[in-house]
Amino acid sequence: MKQRKLGSGGLQVSAIGLGCMGMSFAYGGGDDAASIRTMERAVDLGVTFFDTAEVYGPYVNEELVGKALRSVRHKVQIATKFGFRILPHGQGLQRMAGVDSRPEHIRVAVNGSLQRLGIDTIDLLYQHRPDPSVPVEEVVGVMADLVREGKVRHLGLSEVSAATVRRAHAVHPIAAVQSEYSLWSREPERQVLPVCRELGIGFVPYSPLGRGFLTGALTSTDGLAHDDFRRSLPRFQDAALRSNLALIGQLQQLAAGHGITTAQLALAWLLQRDEQIVPIPGARQLGHLEENTAAAAVTLGAADLAAIDAIFRVGSVQGERYTQGDFDLVER
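Reference entry: report on the structure contained in this document. Values in this document were obtained by computation on a predicted structure and should not be read as measured data.

## Comments concerning unusual backbone geometry
Part 1: Cis rather than trans, the peptide bond between Gly-57 and Pro-58 has omega equal to -5°.
Part 2: Summarising the element assignment, Pro-58 is placed in the loop between strand E4 (49-51) and helix H2 (60-69).

Structural data, given as structure tokens:
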């Protein structure tokens, strides 16, 4: 698979990465053995960029990623994140108790991530969400100290405003900004993506397939696990879902004309937005992984891109990204 550069500090990764959250968190129970096989197959297919976080599980996803990639550590780049206060008891999302980017917490979190991943250095460390009580300059200052200490190679931010990106980058070079970005979540195009282009910062879209919606396979929530958090998201509620499915029908027709799937079309669209964009679709099944990685070889023409933009024009998608107060810790 082709490689892409994130930032100006020499971080080279595969054009499509693998988001590992869903293997342990938010989408119902996972099968660790199957997840390990998926990560091993991803390496075989040329994927070198793997994304996790301490809060996924919590903690168990980092352990799973570390176990799966231990024998190929020299071939891959591992990204993880800090920034939440995690309660000692409860299940999954119940253990998330707000943000925490106090300097002392950052160090504890990073040391924990290194131990769980079984590595000496984190390739890309993100602040998972902004902490209003701690200036980003102070946060990045601590992260930069971790770079100097050899615990971290490159720095990133997740779900931040364009102004925060500028402030952070002035303290230490930021390699990547991660935010939700896809055909049905195009908010970064307003301000954040232009600033990333200006400053030479990479952009990593999470949920590039709309939490599975853009694959065309999810037509109702009936088949989702009882603890799958999509059941509570506004875009997956009945009226919004029916409206959004009409968009998918149009996308399926366009994809069929190229002999590809809607997932491949959606990922190819992202890849052609900018050379420093590296989407990280999640996959728990080998078939989905192979389908997603094949999108790196798809080329779309100007007419294709215009047709896609016409389908997913501003205002066409119904429903908010998150339920208020759920996961909506996003800097506006």
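Next, the rest of the story.
## Focus on helix H10 (residues 302-311)
Part 1: Turning to H10, its buried residues are Asp-304, Ile-308 and Ile-311. One face of H10 carries all of its buried residues, which in axial projection span an arc of 60°. In H10, the exposed residues that point more than 90 degrees away from the buried face are Ala-302 and Ala-303.
Part 2: On its buried face, H10 sits against helix H7 (238-258) and helix H8 (262-271).

## As for helix H6 (residues 192-199)
Three- or four-residue spacings in an α-helix give side chains the same orientation, since the helix completes a turn every 3.6 residues.
Part 1: Restricting attention to buried positions, one finds in H6 the residues Val-192, Leu-193, Val-195 and Cys-196. Relative to the axis of H6, the buried residues are bounded by an arc of 160° and lie together on one face.

## Quick word on the environment of Leu-233
Part 1: Note on placement: Leu-233 falls in the loop between strand E11 (202-206) and H7.
Part 2: Residue classification places Leu-233 among the buried positions, given a relative accessible area of 1%.
Part 3: Taking the C-alpha atoms as reference, Leu-233 lies 16 Å from Ser-182; in sequence the two are 51 residues apart.
Part 4: Each residue touching Leu-233, except ones within four places of it in the same chain, is listed here: Arg-211, Arg-321, Tyr-322 and Thr-323.

## What to know about the pattern of salt bridges
Part 1: This structure, assessed with the given rule, holds 21 salt bridges.
Part 2: Close ionic contact of Arg-41 with Glu-290 constitutes a salt bridge, the shortest N to O distance being 3.0 Å. One end of the pair, Arg-41, is in helix H1 (residues 32-44); the other, Glu-290, is in helix H9 (residues 286-294), and 249 residues separate them in sequence.
Part 3: One salt-bridge network, in which partners are shared between bridges, spans Glu-159, Glu-180, Arg-211 and Arg-321.

## Quick look at the nonpolar core
Inside soluble globular proteins, nonpolar side chains tend to come together where they are buried.
Part 1: Counting 108 residues, the largest nonpolar core has Leu-18, Met-39, Phe-49, Phe-50, Leu-69 and Phe-312 as the members making the most contacts within it.
Part 2: With 8 residues, the top contributor of residues to this core is H8.
Part 3: Apart from the residues lying within four places of it in its own chain, the contact partners of Leu-69 are Met-39, Val-43, Phe-50, Val-76 and Ile-78.

## Focus: the side chain of Glu-180
Part 1: Note on placement: Glu-180 falls in strand E10 (residues 176-180).
Part 2: Judged by relative accessible area, Glu-180 falls into the buried class, the value being 4%.
Part 3: Within polar-contact distance, the side chain of Glu-180 engages the side chain of Arg-211 at 3.3 Å.
Part 4: Once residues within four sequence positions are removed from consideration, Glu-180 is found in contact with Glu-159, Ser-185, Pro-188, Tyr-206, Ser-207, Arg-211, Arg-321 and Tyr-322.

## Overview of the packing of aromatic side chains
Part 1: This model, assessed by the stated rule, comprises 6 aromatic pairs.
Part 2: Ring geometry for Trp-184 and Phe-236: centres 5.6 Å apart, planes at 85°, overall edge-to-face. In this pair, Trp-184 is assigned in the loop between E10 and H6 and Phe-236 in the loop between E11 and H7, connecting sequence segments 52 residues apart.
Part 3: Given a relative accessible area of 4%, Trp-184 falls into the buried group.
Part 4: Joined through ring pairs, the aromatic side chains of Tyr-181, Phe-203 and Trp-269 make up one cluster.
Part 5: Of note, Arg-235 hangs over the ring of Trp-184, and the distance from its end group to the ring centre comes to 5.0 Å.

Calculation rules
- Residues numbered from 1 in each chain as written.
- Predicted model: local features only at pLDDT ≥ 70, side-chain atom pairs only at ≥ 80, totals over all residues.
- Heavy atoms only, no water.
- Helix = DSSP H or I, 4+ residues; strand = E, 2+ residues; numbered from the N terminus.
- Buried < 20%, exposed > 50% of the residue type's maximum accessible area, 1.4 Å probe, protein only.
- Arc of directions from axis to C-beta.
- Contact = heavy atoms within 4.5 Å.
- Salt bridge = Lys/Arg side-chain N within 4 Å of Asp/Glu carboxyl O.
- Core = buried A, V, L, I, M, F, W, Y, C linked by side-chain atoms within 4.5 Å.
- Polar contact = N/O pair within 3.5 Å; in protein donor to acceptor, adjacent residues only side chain to side chain.
- Phe/Tyr/Trp six-rings, centres within 6.5 Å; stacked < 30°, edge-to-face > 60°.
- Lys NZ or Arg CZ within 6 Å of the ring centre and 35° of its normal.

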